[in-house]
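One-letter residues, chain by chain:
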Amino acid sequence: MGRAGCCYRGAERLASPPRVPRLRPLLVLLLALCYGAHRGHCQVATPQCHIQKCTTDFVSLTSHLTPALDGFDVEFCKALRSYSACTQRTAKSCRGNLVFHSAVLGISDLMTQRNCSRDGPTSSTHPEMQSEPCNYHSRTQHAHTHPHTHTHTPPGYLFCGLFGDPHLRTFKDSFQTCKVEGAWPLIDNDYLSVQVTNVPVVTGSSATATNKITVIFKPFEECTDQRVYQAVTDDLPAAFVDGTVSSGAPDHNLNGNNGDSTGKVQALWISEHSPGRHVELHASYIGVTVIVRQLGRYLTLAVRIPEEMAHAYDATQDLQLCLNGCPTSERIDRGGHLPLPLPLPHPALGLQLQQPHGQGQSSHTHSHTAPYSAPHGFSMEGARARCREQLEVQDIYFHSCVFDLLTTGDANFTATAFSALKDMESLHPHRERWTIYPPSSAHTSQPITWLLLLTLCALG
């Protein structure tokens, strides 16, 4: 039965997408259809009942959808209404068909879960449908739909995040910890510019944190003129610098539970989730989402952008931290290892002790990471225990949390790492790439390592 799932491209995506609970009835239905077709003696093989065609169209309409996409609920409800309408058209010929009745019940259950109204717009399975020029998803769906098969090739998305002291996750999922004091460009292409300003967090440490973020949405055809968003510590506005909260003509209706129009999606708009603490910028015309937060005294940033937009730049725009990472001279980590102040870290952390010059390293080695002492506030075990309160998996976000607590003594950095992790899970398009472990951190409990640790503890 395992091979039957391949009958419908995208069925596995519908089975368990993030934040879409209880899709199991639909998965059972799809597997039943595939299995019946594979065995050749299922009820759906009868020429009169077209439930198999209805299900195939539904999978085609939803295989490219993920909850991270803007307008997911609207498009998913449209597809469900189309599925429902298709089952009604074939109801008479499918009377007594078990798969048909399972589909009807599954559709009803999904509509209830997603708060979809029974009446409202439906999705079209025809490629001739008119695209919305100021909606990136609609525009690319229309451009990339194959005319003969009516299938759609979804665009690829990239993720970049910056948080803490600061820790950078690039478009290529490279995880780095950098100095980058002052103003630095994270993204700079033909459609979007994102710049951050970082300041030192502890005297004598090379670690910095972000206290200013500037996002520039560049003019795009008839969709929007230029808009600039700027956030600084203790000033996280829910508007652009000119006072507006949106730009561009509305793209399409957002329908309420009763099918009534409750508003329209703009080409560019700002939503405030927590006043002064959490703001999101949505640019539907280029498929971009930006999340800005303040935790403690510093800011965090998370960005999702289509791959084709991220790569639309020229040779003068090659300094982009999200694209190419930090310059070598600005790196604090050493190939994924973070140098920590005293006390000695647990070897399983995958982090390395940063010692003063003359204690185990020459004065010219790693000169860009100046020696410093940890601020009073957290011991190694105390930092690990605090980070474990919110970060269960000891991945790079956990390790970054420990580094930040030992470096600054500021407990707010625990919430910073946790929020950065959740924003990544919300925006990163590839679930299989979410978790990153530091080099050599997975299996470091060899006897020699433990013996060395015990010896050092004894000498201490």
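Preceding this section is the structure that the text describes.
Let me sum up the structure you'll find in this document. In this text the structure is predicted, and so the values were computed from the model without any measurement.

**Some words on the overall build of the chain**
Now for step 1: Scanning the chain for helices and strands turns up 12 helices and 16 strands.
Now for step 2: Counting every position in the chain, which comprises 460 residues, the buried fraction comes to 50%.

**Observations regarding the pairing of strand S6 (residues 208-217)**
Now for step 1: Burial of S6 is extensive: 7 of the 10 residues sit out of reach of the surface.
Now for step 2: Inspection of the sheet shows strand S5 (residues 192-200) paired to S6 by 9 bridges, in the antiparallel sense. In the sheet register, Thr197 faces S6, and the bridge partner there is Lys212.
Now for step 3: By the bridge criterion, 6 bridges tie S6 to strand S7 (residues 227-232) in an arrangement that is antiparallel. Bridged to Val215 within S7 is Tyr229.

**Brief notes about the packing of helix H10 (residues 396-408) against helix H11 (residues 412-427)**
Now for step 1: Here H10 crosses H11 at 155°, and the two axes come no closer than 8 Å. By the angle between their directions, the pair H10 and H11 is classed as roughly antiparallel. Both H10 and H11 take part in a crossing whose hand is right-handed. Contacts between H10 and H11 involve Tyr397, Cys401, Asp404, Leu405 and Thr408 from the former and Phe413, Thr414, Ala417, Ala420, Leu421 and Met424 from the latter.
Now for step 2: Along the lines of polarity and charge, the residues of the contact of H10 with H11 split into 8 nonpolar, 2 polar and 1 charged.

**So, H11**
Note on helix geometry: an α-helix contains 3.6 residues per turn, so any two residues three or four positions apart are oriented the same way.
Now for step 1: Its 16 residues give H11 an end-to-end C-alpha distance of 23 Å, which sits within 8% of 22 Å, the value for a rise of 1.5 Å per residue.
Now for step 2: Buried within H11 we find Phe413, Thr414, Thr416, Ala417, Ser419, Ala420, Leu421, Asp423, Met424, Ser426 and Leu427.
Now for step 3: Taken together, the buried residues of H11 touch strand S1 (157-163), strand S2 (167-169), strand S13 (288-295), strand S14 (298-306), helix H9 (380-388) and H10.

**Looking at the side chain of Gln320**
Now for step 1: Mapped onto the elements of the fold, Gln320 is located in the loop between helix H7 (307-310) and helix H8 (321-324).
Now for step 2: For Gln320, a relative accessible area of 0% corresponds to the buried category.
Now for step 3: Among the polar contacts made by the side chain of Gln320, one reaches the main-chain amide nitrogen of Asp188 at a distance of 2.9 Å.
Now for step 4: Not counting the four nearest positions on each side in its chain, Gln320 is found in contact with Pro185, Leu186, Ile187, Asp188, Tyr313 and Gly325.

**Quick notes on the packing of aromatic side chains**
Now for step 1: For the coordinates displayed, the defined rule picks out 11 aromatic pairs.
Now for step 2: Ring centres of Phe58 and Tyr83 lie 4.7 Å apart, and the angle between their planes is 20°; this geometry places the pair in the stacked category. Note that Phe58 is positioned in helix H3 (residues 51-62) and Tyr83 in helix H4 (residues 72-89), a separation of 25 residues in sequence. Taken as a pair, Phe58 and Tyr83 share a single burial class, namely buried.
Now for step 3: Aromatic pair Tyr136 and Tyr157: ring centres 6.4 Å apart, planes at 80°, arrangement edge-to-face. Linking Tyr136 in helix H6 (residues 136-143) with Tyr157 in strand S1, this pair joins segments that are 21 residues apart in sequence. There is no split in this pair, since Tyr136 and Tyr157 are both buried.

**Focus on unusual backbone geometry**
Now for step 1: With a phi close to 65°, Asp173 is a non-glycine residue in the positive phi region.
Now for step 2: Structurally, the position occupied by Asp173 is in the loop between S2 and strand S3 (175-177).
Now for step 3: In this structure, Asp234 takes a positive phi of about 70° despite not being glycine.
Now for step 4: Under the relative-accessibility criterion, Asp234 is labelled exposed at 52%.

**Let's talk about the sheet that holds S7**
Now for step 1: Strands sit in the order S4-S5-S6-S7 across an open sheet of 4 strands; the sheet is antiparallel. In the strand order of this sheet, the two ends are held by strand S4 (182-188) and S7, each with one partner. Across this sheet, the average inter-strand angle for adjacent strands is 20°, counted without regard to direction.

Calculation rules
- Residues numbered from 1 in each chain as written.
- Predicted model: local features only at pLDDT ≥ 70, side-chain atom pairs only at ≥ 80, totals over all residues.
- Heavy atoms only, no water.
- Helix = DSSP H or I, 4+ residues; strand = E, 2+ residues; numbered from the N terminus.
- Buried < 20%, exposed > 50% of the residue type's maximum accessible area, 1.4 Å probe, protein only.
- Pairing = 2+ DSSP bridges.
- Axes fitted to C-alpha atoms, helices over the stretch in contact; angles between N-to-C directions.
- Parallel < 35°, antiparallel > 145°, perpendicular 65-115°, else oblique.
- Left-handed = near helix turned anticlockwise from the far one by under 90°.
- Contact = heavy atoms within 4.5 Å.
- Nonpolar A, V, L, I, M, F, W, Y, C, P; charged D, E, K, R; others polar.
- Expected span 1.5 Å × (residues − 1).
- Polar contact = N/O pair within 3.5 Å; in protein donor to acceptor, adjacent residues only side chain to side chain.
- Phe/Tyr/Trp six-rings, centres within 6.5 Å; stacked < 30°, edge-to-face > 60°.

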